[in-house]
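# Residue-level structure breakdown
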Amino acid sequence: MPIDEFRRRKEAVVNDVEPRNFRIALLPGDGIGPEVTTEARRLLGAISSLEPSMTLEMENFLWNADFYLKTGSMMPPDGLKTLCQFDAIYLGAVGDLRVPDHIALRQLIFAIRQGFDQYVNLRPVRLLRGGSTPLAGRGPSELNMIFVRENCEGEYSGVGETLFPDSADEVALQTSVFSRKGVERILRYAFSLAKSNGMPLQSISKGNALNYTGVLWDRIFAEVSAEYPEVPATNLLVDAAALHMVLHPERFGVVVASNLFGDILTDLGAALVGGLGFAASANLCPDKRFPSMFEPVHGSAPDIAGKGVANPFAALWAAGMLLGHLGYPNWETSVIEAIEMVLVDGRVRTPDLGGSASTAQLTDAVLEALRVPMTPAPTS
Ligand code: NAD
């Protein structure tokens, strides 16, 4: 729809019905996090100026390495209480050489994911039109998966202990926590997604070696699978899954995995669809008791931070997912289509895509693409 028509509709609705106001908490973080969050904010601002039925109120929280160095903590003691008042959270990336990674990530990202019961980490692994894959002869129709990663327990539960620290007998224990409730709900979410999208499902585990957690996962997979006879479902060992993602990506649809396995396989997935610049994610609290959080999968990329050359696509896509979650799936689709238009056009590319454009220039191109009528998708 042309921009004038959007503006006309917005004015008409503003004069008529109050649009819904959504409050978004922005956590830019460290490194390229603030750079890509600025772009996500620009995109969200542009869309709210076009969409008649919503307004977005965005507030920045500078909870990052600097904040840690000043206060000894990655967020204030009442940080979750503050964030709880928002409709959604947007996170850039966290990670700074001055703060141990396990402290920075656990005190902020894991605290939010676990504290707000965001047990679904949704990660599309999708080759966009105009994007490139290292897999010869493969196209968008063969690289279209949605990962559903368990996000609150499993290998990242944070349970463990260091025994006899700083001695020759030092032992580190990292306990994986797989609860029946946790495994059941993530599998049910994945099956339900596969059913509504008409996709096959792959469940990833390692039941041959992990004789407690893997076996429980596989047993619950068999139980939940029986509730969804219409969903073609396969159980794959994680090592075999890595092999098949490269050799037979077209077999994959909705892929459900534990916290660690999902984390690793989605970086492989990102590599298959053009790199971390194309990896977006949503941390969902499906019953909406708490706000959900949206973020690019990539980290703070210290090697390119401050240069203004980070690829903003993943960050923009994550902002699109946020809009989808707020009830605007049409805008989520439009954001993805706009990214595709920029890729197909090919003139504006950041260095990771072989060009010399800046982060802001790539966002400008996406915003420009959003403002013109969408062209029909060519077949892949
Ligand atoms: P990274 O994702 O930051 O970077 C890996 C490589 O990909 C780097 O070469 C980087 O330049 C490149 N890259 C990443 N995002 C890019 C983008 N948008 N455009 C172009 N290139 C991009 O992973 P890392 O180097 O392993 O970790 C750096 C820091 O980030 C660490 O402190 C780590 O703990 C943290 N980290 C944070 C998160 C998060 O906040 N969710 C996720 C992963 C890593």
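Here we summarise the structure given alongside this text. In this text, all values refer to a predicted model and were calculated from it rather than measured experimentally.

### Concerning the pairing of strand 1 (residues 20–29)
- Burial runs high along strand 1: 7 of the 10 residues are buried.
- Both strand 1 and strand 2 (residues 54–60) contribute to a ladder of 7 bridges, which runs parallel. Looking across to strand 2, one finds that I24 is bridged to M58.
- For the crossover that starts at strand 1, traverses helix 2 (residues 33–50) and ends in the parallel strand 2, the hand is right-handed.
- With 5 bridges connecting them, strand 1 and strand 3 (residues 88–93) associate as parallel partners. Paired with G29 across the bridge in strand 3 is A93.

### A word on the site of the ligand
- Near the ligand, the surroundings consist of 20 residues, among which V94, D101, G299, A301 and D303 are the closest.
- Take S300: an N or O atom from its main chain is 3.0 Å from an oxygen atom of the ligand.
- Its free accessible area being 800 Å², the ligand has 69% of it covered by the protein chains.
- Broken down by element, the residue count for the shell around the ligand peaks at 3 residues, all from helix 5 (residues 101–115).

### What to know about a nonpolar patch on the surface
- Together, F164, V171 and L173 make up a nonpolar patch on the protein surface, roughly 260 Å² of accessible area in all.
- Among the secondary structure elements, F164 is positioned in the loop between strand 6 (154–163) and strand 7 (171–177).

Quick notes on the rules
Residues numbered from 1 in each chain as written. Predicted model: local features only at pLDDT ≥ 70, side-chain atom pairs only at ≥ 80, totals over all residues. Heavy atoms only, no water. Buried < 20%, exposed > 50% of the residue type's maximum accessible area, 1.4 Å probe, protein only. Helix = DSSP H or I, 4+ residues; strand = E, 2+ residues; numbered from the N terminus. Pairing = 2+ DSSP bridges. Right-handed = clockwise from strand over helix to strand, strands pointing away. Near = heavy atom within 4 Å. Polar contact = N/O pair within 3.5 Å; in protein donor to acceptor, adjacent residues only side chain to side chain. Areas by Shrake-Rupley, 256 points an atom, 1.4 Å probe, with all protein chains shown as cover. Patch = residues over 30% accessible without salt bridge, like charges linked within 9 Å, V, L, I, M, F, W, Y side chains within 5 Å. Salt bridge = Lys/Arg side-chain N within 4 Å of Asp/Glu carboxyl O.

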